[in-house]
Amino acid sequence: MWEVSDAVYQAIADGIPIPRHTAAAWRDLLALAVAEPQLARAWRHHGTWEAVRAVTGWHRGLGDILARHHWPEVQALWHRQGGPTWDPWGLAVVLAQTKASTISAEFEICLHHVLRPSAALWVWAVTPIVENWPSLAGLSPALALDRVLRTLIPPADIPGSPHFWHAWAEWVGDAQPDADTPVTSLYPANLFNSWSVALDMADVIEPPAVAGDQLTWWDWRLDAE
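Conventions adopted
Residues numbered from 1 in each chain as written. Predicted model: local features only at pLDDT ≥ 70, side-chain atom pairs only at ≥ 80, totals over all residues. Heavy atoms only, no water. Helix = DSSP H or I, 4+ residues; strand = E, 2+ residues; numbered from the N terminus. Buried < 20%, exposed > 50% of the residue type's maximum accessible area, 1.4 Å probe, protein only. Polar contact = N/O pair within 3.5 Å; in protein donor to acceptor, adjacent residues only side chain to side chain. Contact = heavy atoms within 4.5 Å. Phe/Tyr/Trp six-rings, centres within 6.5 Å; stacked < 30°, edge-to-face > 60°.

**Q** Any chance you could explain the side chain of Thr56 here in plain terms?
**A** Here Thr56 is to be found in helix α3 (residues 46–68). Among the residues examined, Thr56 registers a relative accessible area of 2% and is labelled buried. A distance of 2.8 Å separates a polar side-chain atom of Thr56 from the backbone oxygen of Val52. If we skip the residues at most four places from it in the chain, Thr56 touches Phe192, Trp195, Ser196 and Leu199.

Below is the structure:
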(Lines give C-alpha, C1' and ligand atoms only; values in the text may rest on other atoms or scores of the structure.)
Protein backbone atom coordinates (compact mmCIF):
# COMPACT_ATOMS: atom_id res chain seq x y z
CA MET A 1 0.00 0.00 0.00
CA TRP A 2 1.20 3.48 -0.86
CA GLU A 3 1.85 6.08 1.81
CA VAL A 4 0.24 9.35 0.76
CA SER A 5 1.01 12.27 3.04
CA ASP A 6 -1.52 14.66 4.51
CA ALA A 7 0.18 17.41 2.49
CA VAL A 8 -0.77 15.67 -0.75
CA TYR A 9 -4.43 15.37 0.25
CA GLN A 10 -4.42 19.06 1.19
CA ALA A 11 -2.86 19.93 -2.17
CA ILE A 12 -5.60 17.91 -3.90
CA ALA A 13 -8.26 19.71 -1.88
CA ASP A 14 -6.72 23.08 -2.77
CA GLY A 15 -6.19 22.21 -6.42
CA ILE A 16 -9.54 20.66 -7.36
CA PRO A 17 -12.43 23.14 -7.06
CA ILE A 18 -15.10 20.74 -8.40
CA PRO A 19 -15.91 18.53 -6.61
CA ARG A 20 -14.99 20.53 -3.53
CA HIS A 21 -13.93 18.27 -0.66
CA THR A 22 -11.82 18.64 2.45
CA ALA A 23 -8.45 16.91 2.63
CA ALA A 24 -9.96 14.36 5.02
CA ALA A 25 -12.77 13.62 2.57
CA TRP A 26 -10.29 13.11 -0.27
CA ARG A 27 -8.37 10.65 1.92
CA ASP A 28 -11.55 8.64 2.52
CA LEU A 29 -12.68 8.74 -1.11
CA LEU A 30 -9.29 7.59 -2.40
CA ALA A 31 -8.58 4.95 0.24
CA LEU A 32 -9.58 1.98 -1.94
CA ALA A 33 -7.57 3.25 -4.89
CA VAL A 34 -4.49 3.84 -2.72
CA ALA A 35 -4.77 0.28 -1.38
CA GLU A 36 -5.24 -1.25 -4.88
CA PRO A 37 -3.83 1.27 -7.36
CA GLN A 38 -3.50 -1.13 -10.28
CA LEU A 39 -6.76 -3.00 -9.79
CA ALA A 40 -9.68 -0.75 -10.65
CA ARG A 41 -12.11 -3.62 -10.08
CA ALA A 42 -11.34 -3.27 -6.37
CA TRP A 43 -12.66 0.30 -6.37
CA ARG A 44 -16.19 -0.85 -5.66
CA HIS A 45 -18.03 2.37 -4.98
CA HIS A 46 -18.67 4.96 -7.66
CA GLY A 47 -17.40 7.70 -5.34
CA THR A 48 -13.90 6.24 -5.51
CA TRP A 49 -14.03 6.25 -9.30
CA GLU A 50 -15.16 9.86 -9.36
CA ALA A 51 -12.39 10.81 -6.95
CA VAL A 52 -9.72 9.00 -8.97
CA ARG A 53 -10.93 10.64 -12.17
CA ALA A 54 -10.73 14.05 -10.51
CA VAL A 55 -7.20 13.45 -9.19
CA THR A 56 -5.84 12.05 -12.44
CA GLY A 57 -7.34 15.00 -14.28
CA TRP A 58 -5.59 17.34 -11.84
CA HIS A 59 -2.36 15.39 -12.35
CA ARG A 60 -2.58 15.82 -16.14
CA GLY A 61 -3.19 19.52 -15.58
CA LEU A 62 0.00 19.80 -13.54
CA GLY A 63 1.87 18.14 -16.39
CA ASP A 64 0.51 20.79 -18.74
CA ILE A 65 1.67 23.49 -16.31
CA LEU A 66 5.20 22.06 -16.32
CA ALA A 67 5.20 22.05 -20.11
CA ARG A 68 4.04 25.68 -20.26
CA HIS A 69 6.87 26.65 -17.93
CA HIS A 70 9.46 24.88 -20.09
CA TRP A 71 10.27 22.05 -17.70
CA PRO A 72 10.90 19.50 -20.50
CA GLU A 73 13.51 21.84 -22.00
CA VAL A 74 15.09 22.40 -18.58
CA GLN A 75 15.33 18.67 -17.95
CA ALA A 76 16.73 18.00 -21.43
CA LEU A 77 19.47 20.58 -20.87
CA TRP A 78 20.57 18.88 -17.65
CA HIS A 79 20.64 15.55 -19.46
CA ARG A 80 22.89 17.02 -22.15
CA GLN A 81 25.36 18.00 -19.43
CA GLY A 82 25.30 14.50 -17.94
CA GLY A 83 23.05 15.62 -15.13
CA PRO A 84 20.30 13.73 -13.30
CA THR A 85 16.60 13.30 -13.92
CA TRP A 86 14.73 15.57 -11.53
CA ASP A 87 11.40 15.05 -9.79
CA PRO A 88 9.40 18.13 -10.87
CA TRP A 89 6.01 17.45 -9.27
CA GLY A 90 6.43 19.51 -6.13
CA LEU A 91 7.43 22.38 -8.41
CA ALA A 92 4.32 21.75 -10.51
CA VAL A 93 2.12 22.22 -7.45
CA VAL A 94 3.93 25.47 -6.60
CA LEU A 95 3.57 26.74 -10.18
CA ALA A 96 -0.15 25.93 -10.03
CA GLN A 97 -0.51 28.01 -6.87
CA THR A 98 1.93 30.86 -7.60
CA LYS A 99 2.35 33.11 -10.60
CA ALA A 100 5.67 32.46 -12.32
CA SER A 101 6.29 36.21 -12.40
CA THR A 102 6.25 36.37 -8.60
CA ILE A 103 8.22 33.24 -7.74
CA SER A 104 11.51 35.15 -7.53
CA ALA A 105 9.89 37.44 -4.97
CA GLU A 106 8.72 34.41 -2.98
CA PHE A 107 11.64 32.11 -3.70
CA GLU A 108 12.59 31.32 -0.11
CA ILE A 109 8.96 30.73 0.84
CA CYS A 110 8.51 28.36 -2.10
CA LEU A 111 11.61 26.43 -1.08
CA HIS A 112 9.73 25.37 2.04
CA HIS A 113 6.54 24.30 0.31
CA VAL A 114 4.92 21.30 1.97
CA LEU A 115 5.58 19.11 -1.09
CA ARG A 116 9.30 19.92 -1.04
CA PRO A 117 9.85 21.43 -4.50
CA SER A 118 13.23 22.82 -3.43
CA ALA A 119 15.54 20.85 -5.75
CA ALA A 120 13.31 21.22 -8.81
CA LEU A 121 12.61 24.86 -7.93
CA TRP A 122 16.35 25.57 -7.84
CA VAL A 123 16.83 23.71 -11.13
CA TRP A 124 13.95 25.55 -12.82
CA ALA A 125 15.11 28.97 -11.57
CA VAL A 126 18.82 28.57 -12.19
CA THR A 127 18.94 26.83 -15.58
CA PRO A 128 18.18 29.92 -17.70
CA ILE A 129 21.05 31.88 -16.12
CA VAL A 130 23.83 29.28 -16.32
CA GLU A 131 26.47 30.50 -18.78
CA ASN A 132 29.19 27.87 -18.45
CA TRP A 133 28.03 24.38 -17.59
CA PRO A 134 30.40 22.21 -15.60
CA SER A 135 30.61 18.47 -16.21
CA LEU A 136 27.92 16.70 -14.22
CA ALA A 137 28.55 13.11 -15.32
CA GLY A 138 28.49 10.65 -12.45
CA LEU A 139 27.41 13.16 -9.81
CA SER A 140 24.48 12.53 -7.51
CA PRO A 141 21.56 14.97 -7.93
CA ALA A 142 22.49 16.95 -4.82
CA LEU A 143 26.12 17.34 -5.91
CA ALA A 144 25.15 18.15 -9.49
CA LEU A 145 22.93 21.00 -8.31
CA ASP A 146 25.61 22.21 -5.92
CA ARG A 147 28.25 22.26 -8.66
CA VAL A 148 26.02 24.28 -10.98
CA LEU A 149 25.02 26.78 -8.30
CA ARG A 150 28.67 27.44 -7.45
CA THR A 151 29.37 28.48 -11.05
CA LEU A 152 26.99 31.43 -10.80
CA ILE A 153 28.16 35.01 -10.40
CA PRO A 154 25.48 37.36 -9.08
CA PRO A 155 24.99 40.60 -10.99
CA ALA A 156 26.51 43.76 -9.58
CA ASP A 157 23.06 45.30 -9.32
CA ILE A 158 20.54 42.66 -8.37
CA PRO A 159 17.32 43.54 -10.18
CA GLY A 160 13.88 43.34 -8.68
CA SER A 161 13.36 41.04 -5.75
CA PRO A 162 16.64 39.85 -4.18
CA HIS A 163 15.22 36.68 -2.64
CA PHE A 164 16.70 34.24 -5.16
CA TRP A 165 20.20 35.61 -4.74
CA HIS A 166 19.80 35.76 -0.98
CA ALA A 167 18.94 32.06 -0.97
CA TRP A 168 21.82 31.39 -3.37
CA ALA A 169 24.31 33.18 -1.07
CA GLU A 170 23.17 31.01 1.83
CA TRP A 171 23.61 27.87 -0.28
CA VAL A 172 27.15 28.62 -1.48
CA GLY A 173 28.10 29.84 1.99
CA ASP A 174 27.39 26.39 3.40
CA ALA A 175 29.46 23.26 3.00
CA GLN A 176 28.89 20.99 0.02
CA PRO A 177 25.84 18.77 0.64
CA ASP A 178 26.18 15.04 1.19
CA ALA A 179 25.99 13.05 -2.02
CA ASP A 180 22.91 11.17 -0.83
CA THR A 181 20.94 14.25 0.23
CA PRO A 182 17.34 13.50 -0.90
CA VAL A 183 15.94 15.73 -3.63
CA THR A 184 12.63 14.01 -4.37
CA SER A 185 9.15 15.43 -3.92
CA LEU A 186 6.44 14.09 -1.65
CA TYR A 187 4.11 14.07 -4.66
CA PRO A 188 3.18 10.44 -5.57
CA ALA A 189 3.36 10.78 -9.36
CA ASN A 190 3.84 7.03 -9.89
CA LEU A 191 0.66 6.30 -7.96
CA PHE A 192 -1.37 8.77 -10.02
CA ASN A 193 0.10 7.37 -13.24
CA SER A 194 -0.94 3.88 -12.11
CA TRP A 195 -4.47 5.16 -11.60
CA SER A 196 -4.55 6.55 -15.13
CA VAL A 197 -3.51 3.18 -16.56
CA ALA A 198 -6.02 1.34 -14.37
CA LEU A 199 -8.82 3.66 -15.50
CA ASP A 200 -7.93 3.20 -19.16
CA MET A 201 -7.90 -0.57 -18.84
CA ALA A 202 -11.12 -0.70 -16.82
CA ASP A 203 -12.93 1.53 -19.28
CA VAL A 204 -12.20 -0.97 -22.03
CA ILE A 205 -13.13 -4.00 -19.96
CA GLU A 206 -16.20 -2.65 -18.20
CA PRO A 207 -17.38 0.95 -17.84
CA PRO A 208 -18.33 2.21 -14.38
CA ALA A 209 -21.98 2.46 -13.43
CA VAL A 210 -23.83 5.74 -13.52
CA ALA A 211 -23.33 8.00 -10.53
CA GLY A 212 -25.27 6.85 -7.51
CA ASP A 213 -24.98 3.11 -8.24
CA GLN A 214 -22.29 0.54 -7.64
CA LEU A 215 -20.28 -0.67 -10.60
CA THR A 216 -22.28 -2.84 -12.98
CA TRP A 217 -19.90 -5.78 -12.63
CA TRP A 218 -19.90 -5.81 -8.82
CA ASP A 219 -21.97 -8.71 -7.55
CA TRP A 220 -23.39 -7.23 -4.36
CA ARG A 221 -24.32 -10.70 -3.13
CA LEU A 222 -20.64 -11.42 -2.49
CA ASP A 223 -20.61 -8.71 0.15
CA ALA A 224 -23.72 -10.20 1.78
CA GLU A 225 -22.08 -13.56 2.35
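**Q** Where do I start with the environment of Leu199 in this structure?
**A** Residue placement: Leu199 occurs in helix α10 (residues 189–205). Separated by 160 residues in sequence, Leu199 and Leu39 place their C-alpha atoms 9.0 Å apart. With sequence-adjacent residues up to four places away left out, Leu199 is seen in contact with Trp43, Trp49, Val52, Arg53 and Thr56.

**Q** What's the story with the packing of aromatic side chains in this structure? I'm lost.
**A** What the rule picks out here adds up to 13 aromatic pairs. Judged by centre distance (5.4 Å) and plane angle (10°), the ring pair of Trp89 and Tyr187 falls under stacked. Remark: Tyr187 occurs in the loop between α9 (163–173) and α10 and Trp89 occurs in helix α5 (residues 89–97); sequence separation between them is 98 residues. Here Trp89 and Tyr187 have matching classes, each one buried. Note on Trp122 and Trp171: the rings are 5.4 Å apart at their centroids and 70° apart in plane angle, and the pair reads as edge-to-face. Note that Trp122 is positioned in helix α7 (residues 118–126) and Trp171 in helix α9, a separation of 49 residues in sequence.

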